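# Residue-level structural notes
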Amino acid sequence: MFSGVTVLLYPVSVIKTRMQVATGEAMRRDALATFRNILKVDGVPGLYRGFGTVITGAIPARIIFLTALETTKAASLKLVEPFKLSEPARAAFANGLGGLLASLCSQAVFVPIDVVSQKLMVQGYSGHVRYKGGVDVVQKIIKADGIRGLYRGFGLSVMTYSPSSAVWWASYGSSQRIIWSALDHWNDKESSPSQLKIVGVQATGGIIAGAVTSFVTTPIDTVKTRLQVNQNKPKAMEVVRKLIAEDGWKGFYRGLGPRFFSSSAWGTSMIVCYEYLSMSLSLSLQLYKIVVYV
């Protein structure tokens, strides 16, 4: 499921990344103009630059992420039981902490993938170097900076994706509980909601989480992206000052539209499938225990 969604939404990530690193005339292009420019210059393959690197490295990264997420969520819910918090507050804490630690654990795999894929996304664009492929990028990075070059922007990645993951999962967990409360589900314990209603609540929670996360984390994501693709190896504060000089404070929100769309669409489709598979697996395990004991 993750891989399928990546195929569909990868072009949005390419558009967002190009908007974030744009200079000169390219700075004036919106998402649609950037999309048209990519098609004009590189055709459809231009929308999937770096895709092979992402899809290969994403599998172990997601296994690490989901394992850490489930383990932390279960432990967090037990941790807050004595505090008698409201249902939305408990969900926000457990989901947020789970998302934070899961992202921290997966960054060791994800950051090198991010560095390589982003260099491929912007190659030949606004003066950026061209490469022969992912292996060529890795070789040139290691030759110039050693292994640590693959972890360029690691601190900012942690500052971007860990809070982003925490905000997304906390927003999703709490908003879902609030929506169910508004539908009076918690007071109606006897009737089970329809599958359509469950999917609707989960999808709405995913969209809300995507909106909140995009607004909170886009500025630091813009700085991180520029830092990772810049050949001159600037410091983070240099990137910030240049961004303000070029486009003012609004420059930090370049690519907000594509980021929101990607985050919401990705999150909604992922969470609906994730929740469905989690529920199906739980039911299957219960059935298995019944059969074994009988």
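Residues numbered from 1 in each chain as written. Predicted model: local features only at pLDDT ≥ 70, side-chain atom pairs only at ≥ 80, totals over all residues. Heavy atoms only, no water.

For the rest of this paragraph, the subject is the overall build of the chain. Each helix and strand in the chain was counted, giving nine helices and zero strands. Here the C-alpha atoms of the chain give a radius of gyration of 21 Å, agreeing with the 19 Å that 2.2 N^0.38 yields for 294 residues. Across its three principal directions, the C-alpha atoms of the chain cover 65 × 40 × 35 Å. For the chain, restricting intrachain contacts to residue pairs at least 6 apart in sequence, the fraction spanning at least 24 positions comes to 80%. Carbon and sulfur atoms make up 67% of the accessible area of the chain, which amounts to about 15,200 Å² in all. A distance of 9 Å separates the average location of the 32 positive side-chain charges in the chain from that of its 17 negative side-chain charges. (Helix = DSSP H or I, 4+ residues; strand = E, 2+ residues; numbered from the N terminus. Rg over C-alpha atoms; globule rule 2.2 N^0.38 Å. Contact = heavy atoms within 4.5 Å. Areas by Shrake-Rupley, 256 points an atom, 1.4 Å probe, with all protein chains shown as cover. Lys, Arg positive; Asp, Glu negative; His and termini not counted. Charge placed at Lys NZ, Arg CZ, Asp CG, Glu CD.)

For the rest of this paragraph, the subject is helix H3 (residues 51–80). Taking 1.5 Å per residue, 30 residues should reach 44 Å; H3 reaches 41 Å between its end C-alpha atoms and fits that length. Largest kink in H3: about 40 degrees, centred on alanine 58, with the proline proline 60 one to four residues after it. (Expected span 1.5 Å × (residues − 1). Bend = angle between axes of the 7 residues up to and from the residue.)

The next subject is the nonpolar core. Grouped together as the largest cluster of nonpolar side chains are 16 residues, with contacts concentrated most on Tyr10, Val14, Val21, Ile38, Met121, Val122 and Tyr125. Those elements giving two or more residues to this core turn out to be helix H1 (2–21), H3 and helix H4 (87–122). In terms of residues, this core owes the most to one element, H1, which gives five residues. Non-local contacts of tyrosine 10, meaning those with residues more than four positions away in its chain, are made with Leu47, Tyr48, Arg49, Gly50, Phe51, Val54, Ser117 and Met121. (Core = buried A, V, L, I, M, F, W, Y, C linked by side-chain atoms within 4.5 Å. Buried < 20%, exposed > 50% of the residue type's maximum accessible area, 1.4 Å probe, protein only.)

Now for a nonpolar patch on the surface. On the surface, Ile142, Ile147, Tyr151 and Phe154 cluster together to form a nonpolar patch covering roughly 330 Å² of accessible area. Relative to the assigned elements, phenylalanine 154 resides in helix H6 (residues 154–182). Residue class for phenylalanine 154 comes out partly exposed when judged on its relative accessible area of 33%. (Patch = residues over 30% accessible without salt bridge, like charges linked within 9 Å, V, L, I, M, F, W, Y side chains within 5 Å. Salt bridge = Lys/Arg side-chain N within 4 Å of Asp/Glu carboxyl O.)

Before going further, it helps to examine the pattern of salt bridges. Throughout the structure, instances matching the rule amount to ten salt bridges. In this structure, the salt-bridge partner of lysine 140 is aspartate 136, at a minimum N-O distance of 3.4 Å. Taken together, the residues span about one helical turn, with lysine 140 and aspartate 136 both in helix H5 (residues 134–145) at a distance of four residues. Linking arginine 254 and aspartate 247 is a salt bridge whose minimum nitrogen-to-oxygen distance equals 3.5 Å. The class for arginine 254 is buried, based on a relative accessible area of 7%.

Turning next to the confidence of the model for the chain. Low-pLDDT stretches of the model should not have their predicted coordinates read in fine detail. Put simply, the chain has an average pLDDT of 83, and 95% of its residues get 70 or more. Looking at the elements of the chain, mean pLDDT is at its lowest for helix H9 (residues 256–293), recorded as 75, and at its highest for helix H2 (residues 31–42), recorded as 90. (pLDDT = per-residue confidence, 0-100.)

What follows is about H1. Helix length check: H1, at 20 residues, gives a terminal C-alpha distance of 26 Å against a target of 28 Å (1.5 Å per residue), a fit within 8%. Roughly 50 degrees is the biggest bend found in H1, and it falls at leucine 9, with proline proline 11 one to four residues downstream. For H1, a buried count of 14 out of 20 residues is recorded, marking the element as mostly surrounded by other parts of the structure.

Once that is clear, we can look at unusual backbone geometry. Positive phi outside glycine occurs at lysine 84, with the angle close to 55 degrees. Along the chain, the position of lysine 84 falls in the loop between H3 and H4.

Two quantities define a packed helix pair, namely the angle between the axes and the distance from one axis to the other. As a packed pair, H4 and H5 sit with axes 10 Å apart at the nearest point and diverge in direction by 115 degrees. Put simply, H4 runs roughly perpendicular to H5. Every pair of crossing elements has a handedness; the one defined by H4 and H5 is right-handed. Packed against H4, whose contacting residues are Val115, Val116, Lys119 and Leu120, the element H5 presents Gly134, Val137, Val138 and Ile141 at the interface. Partitioned by chemical class, the residues of the contact of H4 with H5 number six nonpolar, one polar and one charged. (Axes fitted to C-alpha atoms, helices over the stretch in contact; angles between N-to-C directions. Parallel < 35°, antiparallel > 145°, perpendicular 65-115°, else oblique. Left-handed = near helix turned anticlockwise from the far one by under 90°. Nonpolar A, V, L, I, M, F, W, Y, C, P; charged D, E, K, R; others polar.)

Looking now at the environment of valine 138. Mapped onto the elements of the fold, valine 138 is located in helix H5. Distance in space between the C-alpha atoms of valine 138 and alanine 108 is 16 Å, their sequence separation being 30 residues.

This brings us to the packing of H3 against H4. Where H3 contacts H4, the axes come no closer than 6 Å and their chain directions differ by 165 degrees. Taken as axis vectors, H3 and H4 run roughly antiparallel relative to one another. Helix-helix and strand crossings are classified by hand; for H3 and H4 the assignment is right-handed. When its residues are assigned to classes, the contact of H3 with H4 shows 21 nonpolar, ten polar and two charged.

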